[in-house]
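# Inside the fold
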Amino acid sequence: MIELFFSQVLNGLAIGQVYALIALGFSLVFGVSNLINFAQGALFMLGAFFAFSGVTWLGLPLPVAAVGSIALVTVLGIVLEGVALRPLENGPYIAPVLSTLAISIIVDQLAEIIWSPEGQAFPLPFEEVTFFIGGAYITSTDILIFVFGGLAALALTWFLQYSWLGRGVRATAQDRDAAAQLGVRTDNVRRLAFALAGTLGALSGILVALYFKSVFPQMGMPFALKGFAAALLGGLTSIPGAVVGGLSLGIVETLASAYVGEGYRDLVAFSLLLVFLLFRPQGLLGDSRLSALGGSGAASGSMPSTSLLASASSQRAAHRIIEMPAWGFLAAGLVLAALPLITQSSYVLQAVVYGMIFAMLSASVSLISGSLGVLSVGHAAFYGVGAYTVAVMGHTYGLPTEVALPAAVILTALVAVVASLPLYKLSGHTAALGTLAIGQIGFLVFMTWLSVTRGPMGFLNIPAPQFDLLGGLRLSAISHKFWLVALVAAVGLFLVQRLLDSEIGRAWRGIREDRLAAHAAGLPVRRYMLMAFAVSGALAGAAGGLFAYVQSVISPDSFNVHASLLLLTMAVLGGLGNLTGAAAAGFLLTIVPELFRPFAEWRMIVYGVFLLMVLRMRPHGMLGAR
Amino acid sequence: MMSTMQGIHVQGVSRHFDGVKAVDDVSFSLAPGETLALVGPNGAGKSTLIQLISGIERLSGGHIMVDGRRIDRLPPERIARLGIGRSFQTSRVFPALSVWDSVMLGTQARLLRREHGRFLVNPLYELLAGLLPLRGWRKKVEGQEAIVRETLQLFGDRLWPRRHQPAFSLSYANRRRLEIARVLAGQPDYLLLDEPAAGMNPTETGELTRLLLELRRMRPQLGMLVVEHKLSLVRSVADRVIVLNQGKVLAQGDPDHALDHPEVVEAYLGRVRTRPVSSDAHLG
């Protein structure tokens, strides 16, 4: 028994070492530029694939291919800095974060085109040997990972601690302006941080490829998420923290997988992370001061603000805001309701129905990320709760729509409220990583709670909406479902807009602008946060329920982290906090790509480029952030 | 009995930061209707005291009572709802909100208070009031709007004509005024101002001095605690002065007496002066 335990711990340390490397790259970039680098996963994946291509296409020996790949990705790290961060330096804080996301969307899709979406075997240059230490065992790959990972972490620590350049990095992380005054070339420091993120990313990518003996283009995101989690666990900007966080995460999840079940590996890891944040929001080795929580740029300065839309220059440019009054949503719904009278094409109606559902979802994200100011990267979990509620009630229990749909709304609101509790003490980017964990937990619950959600297979044949109170009225045709969706979307958005225009909306925006001032003005901040999550959850729950009815088939894949990220980009593109913008973006960005279905491969690349361009030209979104 | 309970009572309060005693066993009281100034060199612990009273920093020792109630373990927002309003050393103004909205937020806590009792209205009722025009709620909102109008007009034509502009577009001095306006709109019983005249030119400082005097006349029950370096302002508005140095009370008493105390002059200027300190020239 004890041997198994030790074997698991050793195994966990090996994989934890990989998480630690990713977390280090992440923390470095976060430290010097206050930016969540979503492209970290892309660098990781490219590292693995370049090494793979070096071996299989060019016939290089693995060590040569690995060094070449690391060098190449290091350069790409610098390029990333130039493309994603530099042009947006004085833009809102959120803009460079979204631009790394856009780049990761583009790179991931390109990788699928270049190397095919399928996984491929990674050639191992040596026979794997298993060593036994007493009863515990460890493989040669584990040792390799451990040695290289440990060396890299030590080298980095030495570099930061004792070299001039390393001091420059630390000084820049503490206070960029002061460091610049003293002659530190902070631009170069930032480039260096991105370069090192590339180095560490590529190295960890290659080690993971060795560990699993395969490479696949989608490998970036799951490992990036673990890296984020490890960094958050360690304290975000702490270098030893990232290592300790990575190793602990590795051990915890390996033990969970051994003693709870393989499927629960990630679920246990992310749940523990969230619970841990409840009690120690600053992480294991982090600092509890606000300035250490990534709020430094935003919280100090001549005009303190905690808003994601504030910028490092502290000067804000006024921008035009285009938005409809609340009744505009009712009018828009009414106009759309005429569509089934004009066309019977189920292709068109279906596309518009999804457009309306995504308008609600994007609005729901905009409420949390825009009005309340908590960047949400986990909204797909709420969307999924709504969909699964309708699926379970309609399919498993045969309940009518007048029960199932309101139940989806209320249950999702409750889930959102509970999920938001750990976020209360987190600020800025830390809260964003908290929502990421929430999104992952949601997805993993859908995957693993077999008795209710039926796991990966999900639900087939969810019955069409049926109203027993209206004499068993069934809406099975797409045009009839269309009317239901239009009604719910119009009324839902109308109500949310009313709230945003009320005293509650004002309080939400106040909390976003300056959390501390809101406390000092006597606003019950926690209560307003819970209310925002309840309302946002209700809207997402309604959308999810409608999605289940329209699609009649659901599976966890609709509610993964990519869905959450897509929803966030929609809300940002429309203009954060601007409900009209969010709804319009959700609607149009769902319908337009439908028209380009034949070019499905290139769709996400076009989307990524579009996102980059909007961030560059209209950083406050198409219709302006409110 | 009641009269001794009334007011803010700071009793033996300390605050240590990793061994540094920012505030060291300080005691004083602020009665309703009184204006008390806290002066002292930088690092004397003045701002820390305001942070402690408003609940943003936690005490290392001692306790703080307000109107007979212990407040030093309450979160900042509860303390604010007990009638203690404060401004910050660097103005915190909700940058993207309009001047009007920013000041309206100062009244929100009052809006949420129930007619009787110290609890807040039910959040479901608040949501309903956001969706539907409930008459009772609308009336309360209109009442607060009237207060906001009056408050903004206190500042002459500095804020009122700019009420629809976002706060970030205001000048530095106007942002200070806006913050004070927001605090006043909450109709606090006690007002804590952290260097309200910092960065203001002499004309603006004079204007602020007149505003504070006007406020004392309009709200005779308002207790004010002002942290300020500009002694001209202190001499004009304060009933009483407490001089802090290195976290301890050095002297207290009426402004002329306390500020001219030789030890005070030395602590403040580093040397003994023969003439009383009356101008702000020492601030350079």
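Rules used throughout
- Residues numbered from 1 in each chain as written.
- Chains lettered and ligands numbered in written order.
- Predicted model: local features only at pLDDT ≥ 70, side-chain atom pairs only at ≥ 80, totals over all residues.
- Heavy atoms only, no water.
- Helix = DSSP H or I, 4+ residues; strand = E, 2+ residues; numbered from the N terminus.
- Buried < 20%, exposed > 50% of the residue type's maximum accessible area, 1.4 Å probe, protein only.
- Contact = heavy atoms within 4.5 Å.
- Areas by Shrake-Rupley, 256 points an atom, 1.4 Å probe, with all protein chains shown as cover.
- Lys, Arg positive; Asp, Glu negative; His and termini not counted.
- Charge placed at Lys NZ, Arg CZ, Asp CG, Glu CD.
- Buried area = accessible area lost by both parts, 1.4 Å probe.
- Salt bridge = Lys/Arg side-chain N within 4 Å of Asp/Glu carboxyl O.
- Polar contact = N/O pair within 3.5 Å; in protein donor to acceptor, adjacent residues only side chain to side chain.
- 1 Å grid on protein atoms, 1.4 Å probe; cavity = no way out; pocket = protein on both sides within 12 Å on 5 of 7 lines; lining within 4 Å.
- Points joined across faces, edges and corners; volume = space filled by probe spheres on them.
- Nonpolar A, V, L, I, M, F, W, Y, C, P; charged D, E, K, R; others polar.
- Axes fitted to C-alpha atoms, helices over the stretch in contact; angles between N-to-C directions.
- Parallel < 35°, antiparallel > 145°, perpendicular 65-115°, else oblique.
- Domains from an automatic or database assignment.
- Phe/Tyr/Trp six-rings, centres within 6.5 Å; stacked < 30°, edge-to-face > 60°.
- Lys NZ or Arg CZ within 6 Å of the ring centre and 35° of its normal.
- Core = buried A, V, L, I, M, F, W, Y, C linked by side-chain atoms within 4.5 Å.
- Pairing = 2+ DSSP bridges.
- Arc of directions from axis to C-beta.

A tally of regular secondary structure across chain A gives 26 helices and six strands. Referenced to the eigenvectors of the C-alpha coordinate spread, the extents of chain A come out at roughly 70 × 55 × 45 Å. The buried share among the 626 residues of chain A stands at 61%. In chain A, of all internal contacts separated by at least 6 residues, the share reaching a separation of at least 24 is 79%. For chain A, the accessible surface area stands at approximately 23200 Å², while carbon and sulfur atoms represent 70% of it. On chain A, the mean spot of the 30 positive side-chain charges and the mean spot of the 26 negative ones are 9 Å from each other.

Across the contact, 39 residues belong to chain B and 37 residues belong to chain A. A buried area of about 3300 Å², summed over both sides, lies between chain B and chain A, and 63% of it is on carbon and sulfur atoms. One can count four salt bridges joining chain B with chain A. Put simply, A:Asp514 and B:Arg92 hold a salt bridge, and the shortest N to O gap is 2.7 Å.

Take helix 21 (residues 503-513) of chain A next. Residue and element names in this part refer to chain A. The element helix 21 is extensively covered by neighbouring structure, given that eleven of its eleven residues are classed as buried. Residues of helix 21 that are buried include every one of Glu503, Ile504, Gly505, Arg506, Ala507, Trp508, Arg509, Gly510, Ile511, Arg512 and Glu513, and no others. For helix 21, the capping residue at the N-terminal end is serine 502, with a side-chain oxygen 3.1 Å from the backbone nitrogen of isoleucine 504.

Moving on, we come to empty space enclosed by the protein. Residues and elements named next belong to chain B. The final tally for this structure, using the stated rule, is eight cavities of 30 Å³ or more. Roughly 220 Å³ of volume is contained in the largest cavity. Contributing elements (two or more residues each) for the lining of the largest cavity: helix 3 (76-81), strand 6 (84-86), helix 4 (99-112) and helix 7 (172-185). Along the lines of polarity and charge, the residues of the lining of the largest cavity split into seven nonpolar, six polar and five charged.

Bringing the packing of helix 1 (residues 2-33) of chain A against helix 9 (residues 220-234) of chain A into the picture now. Residues and elements named next belong to chain A. The N-to-C vectors of helix 1 and helix 9 enclose an angle of 75°; their axes lie 8 Å apart at closest approach. One element, helix 1, and the other, helix 9, form an angle in the roughly perpendicular class. Each of Ile15, Val18, Tyr19, Ile22, Ala23, Phe26 and Ser27 in helix 1 lies in contact with helix 9, whose residues at this interface are Phe223, Ala224, Lys226, Gly227, Phe228, Ala230 and Ala231. Among the residues forming the contact of helix 1 with helix 9, the class breakdown is eleven nonpolar, two polar and one charged.

Time to look at the layout of surface pockets. All names here are of chain A. A volume near 1500 Å³ is recorded for the second largest pocket. If you trace the second largest pocket, you find 47 residues lining it, with Leu566, Pro593, Arg603, Met604 and Tyr607 closest to the centre. Elements with a minimum of two residues in the lining of the second largest pocket: helix 4 (94-115), helix 15 (346-372), helix 23 (525-551), helix 24 (561-574), helix 25 (579-595) and helix 26 (600-617). A total of nine residues in the lining of the second largest pocket trace back to one element, the largest contributor, which is helix 25. Split into classes, the residues belonging to the lining of the second largest pocket amount to 30 nonpolar, ten polar and seven charged. Counting the residues that make up the lining of the second largest pocket, at least three belong to each of domain 1 (2-279) and domain 2 (327-617).

Aromatic ring pairs: the centre-centre distance and the angle between the two ring planes describe each pair. This model, assessed by the stated rule, comprises 24 aromatic pairs over all chains. Each member of the aromatic cluster is reached from another via a ring pair, and the members are A:Tyr354, A:Phe358, A:Tyr383, A:Tyr388, A:Phe446, A:Phe459, A:Phe547 and A:Phe559. Directly above the aromatic system of B:Phe88 lies the positively charged group of B:Arg86, at a separation of 3.9 Å from the ring centroid.

The subject of this paragraph is the pattern of salt bridges. All names here are of chain A. Inspection of the entire model under this criterion finds 24 salt bridges over all chains. One salt bridge connects arginine 626 with glutamate 323, and the closest N-O pair in it is separated by 3.6 Å. Note that arginine 626 is positioned in the segment after helix 26 and glutamate 323 in the loop between helix 12 (296-299) and helix 13 (326-337), a separation of 303 residues in sequence. Classification of glutamate 323 as partly exposed rests on a relative accessible area of 32%. With a closest N to O distance of 3.1 Å, glutamate 513 and arginine 512 form a salt bridge. Residue class for glutamate 513 comes out buried when judged on its relative accessible area of 0%. Under the relative-accessibility criterion, arginine 512 is labelled buried at 4%. Through salt bridges with shared partners, a single network forms among Glu81, Arg86, Asp187, Arg190 and Arg191.

Residues and elements named next belong to chain A. Here proline 340 lies in helix 14 (residues 339-342). Expressed as a C-alpha distance, the spacing of proline 340 and lysine 481, which sit 141 residues apart in the sequence, is 10 Å. Not counting residues within four places of it along the chain, the set of residues in contact with proline 340 comprises Leu349, Ser479, Phe482 and Trp483.

In terms of nonpolar packing, the biggest core is built from 246 residues, with A:Ile357, A:Trp508 and A:Ile554 touching the most fellow members. Residues lining this core come from more than one domain, with at least three contributed by each of domain 1 (2-279) and domain 2 (327-617) of chain A. Residues in contact with A:Trp508, not counting those within four places in the same chain, are A:Leu367, A:Ser371, A:Leu372, A:Leu500, A:Tyr528, A:Met531, A:Ala532 and A:Val535. By size, the runner-up hydrophobic cluster in this structure holds 27 residues, among which are B:Val10, B:Val23, B:Leu59 and B:Ile71.

All names here are of chain B. The strand order across the open sheet built from six strands is 6-7-8-3-9-10, with neighbouring strands paired in mixed fashion. Every other strand in the sheet has two partners, leaving strand 6 and strand 10 (248-253) as the edge strands with one partner each. On average, each strand axis in the sheet is inclined to that of its neighbour by 20°, with strand direction left out of account. As judged from the three bridges shared by strand 6 and strand 7 (residues 190-194), these two strands associate in the parallel manner. Following the sheet pairing, isoleucine 84 is matched in strand 7 by tyrosine 190. Strands strand 6 and strand 7 of the sheet are contacted by helix 7, whose axis makes an angle of about 165° with strand 7.

The next subject is helix 6 (residues 164-174) of chain A. Residue and element names in this part refer to chain A. Burial in helix 6 covers these residues: Gly166, Gly168, Val169 and Thr172. Across the axial projection of helix 6, the buried residues extend over an arc of 155°, all falling on one side. Exposed side of helix 6, more than 90 degrees from the buried face: Trp164 and Gln174 are the residues found there. Tucked into the core, helix 6 has its buried residues touching helix 1, helix 5 (140-162), helix 7 (176-181) and helix 8 (186-212).

All names here are of chain B. Where strand 1 (residues 8-17) meets strand 2 (residues 20-30), seven bridges bridge the pair, whose relative direction is antiparallel. Bridging across to strand 2, arginine 15 finds its partner in valine 23. Where strand 1 folds back onto strand 2 in an antiparallel hairpin, the turn is made up of two residues, including aspartate 18, whose phi is positive at roughly 45°.

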